[in-house]
Amino acid sequence: MGGESVRLYVRGSILGYKRSKANQYNHTALLKIDGVVTKNEVEFYLGKKMAYVYKAKTLKKGTFFRCIWGKVMRAHGNTGTVKAKFTSNLPPSSLGGSVRVMMYPSRV
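A quick note: this is a predicted structure, and the numbers were derived from the prediction, not measured. (Residues numbered from 1 in each chain as written. Predicted model: local features only at pLDDT ≥ 70, side-chain atom pairs only at ≥ 80, totals over all residues. Heavy atoms only, no water.)

Chemist: Give a detailed account of the pairing of strand E4 (residues 63–76), specifying residues and quantitative values.
Modeler: Bridge count for strand E3 (residues 49–60) against E4 is eight bridges, and the pairing is antiparallel. Across the sheet, the residue bridging to Lys-49 is Lys-71, located in E4. Taking the residues that link successive antiparallel strands as the turn, the E3-E4 hairpin has two residues, and the phi of Lys-61 there is positive, at about 55°. Across six bridges, E4 lies against strand E5 (residues 81–86) in antiparallel orientation. What sits directly across from Gly-70, in E5, is Phe-86. Turn length for the E4-E5 hairpin, with the two strands adjacent in sequence and antiparallel, is four residues, and the turn residue Gly-77 shows positive phi of about 85°. (Pairing = 2+ DSSP bridges. Helix = DSSP H or I, 4+ residues; strand = E, 2+ residues; numbered from the N terminus.)

Chemist: Outline the sheet that holds E3, listing residues and values.
Modeler: The sheet built from six strands closes into a barrel, its strands ordered E1-E2-E5-E4-E3-E6 with antiparallel pairing. Going across the sheet, the axis of each strand differs from the next one's by a mean of 45°, ignoring polarity. (Axes fitted to C-alpha atoms, helices over the stretch in contact; angles between N-to-C directions.)

Chemist: Outline the side chain of Ser-94, listing residues and values.
Modeler: Mapped onto the elements, Ser-94 comes out in the loop between E5 and strand E6 (98–102). What makes Ser-94 buried here is its relative accessible area of 1%. Once residues lying within four places of it in the same chain are set aside, the contact partners of Ser-94 are Ile-14 and Tyr-52. (Buried < 20%, exposed > 50% of the residue type's maximum accessible area, 1.4 Å probe, protein only. Contact = heavy atoms within 4.5 Å.)

Chemist: Go over the pattern of salt bridges, please, and point to the residues and values.
Modeler: Following the criterion strictly, the structure yields one salt bridge and no others. Among the salt bridges present, the one from Glu-43 reaches Arg-107, with a minimum N-O distance of 3.4 Å. Taken together, the positions of Glu-43 in the loop between helix H1 (39–42) and E3 and Arg-107 in the segment after E6 put the pair 64 residues apart, joining distant regions of the chain. Overall, the relative accessible area of 49% leaves Arg-107 in the partly exposed class. (Salt bridge = Lys/Arg side-chain N within 4 Å of Asp/Glu carboxyl O.)

Chemist: Could you give an account of the nonpolar core, with specific residues and numbers?
Modeler: In terms of nonpolar packing, the biggest core is built from 21 residues, with Leu-31, Ile-33, Met-50, Tyr-52, Phe-86, Leu-90 and Val-99 touching the most fellow members. Every element with two or more residues in this core is listed here: strand E1 (9–19), strand E2 (24–33), E3, E4, E5 and E6. What Tyr-52 contacts, discounting residues up to four positions off in sequence, is Ile-14, Arg-66, Cys-67, Ile-68, Phe-86, Leu-90, Pro-91, Ser-93, Ser-94, Ser-98 and Val-99. (Core = buried A, V, L, I, M, F, W, Y, C linked by side-chain atoms within 4.5 Å.)

Chemist: So what's going on with the pairing of E3? Which residues, and what values?
Modeler: Examined bridge by bridge, E3 and E6 share two bridges and lie antiparallel to one another. In the strand pairing of E6, Met-50 is matched with Val-101.

Chemist: So what about the side chain of Lys-48? Which residues, and what values?
Modeler: If you trace the backbone, Lys-48 turns up in the loop between H1 and E3. Of the side chains with opposite charge, Glu-43 lies nearest to the buried Lys-48, which makes no salt bridge, at 10 Å. (Lys, Arg positive; Asp, Glu negative; His and termini not counted.)

See below:
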């Protein structure tokens, strides 16, 4: 049991922003969580915290890594895609990138 790495999050992908035909809403991001393929499976992840971790060029607080925190808000469609809001809007360079969906807070 020693030496095994334990991941406390599930990986997800950033698909883009919420949008319509003519407008784009940067305050809401669309995400695909690995292993989630139906609307019913999204139910478990509602309210879970997520982190977009990225690397910056300047050193701050002793690290080059930064994080934007967010939360899963609701399902988007029937295929397991979710809508999420972050503390600050995700930058365009994040589109197509990965996000960490934490296993907390628990709603059980």
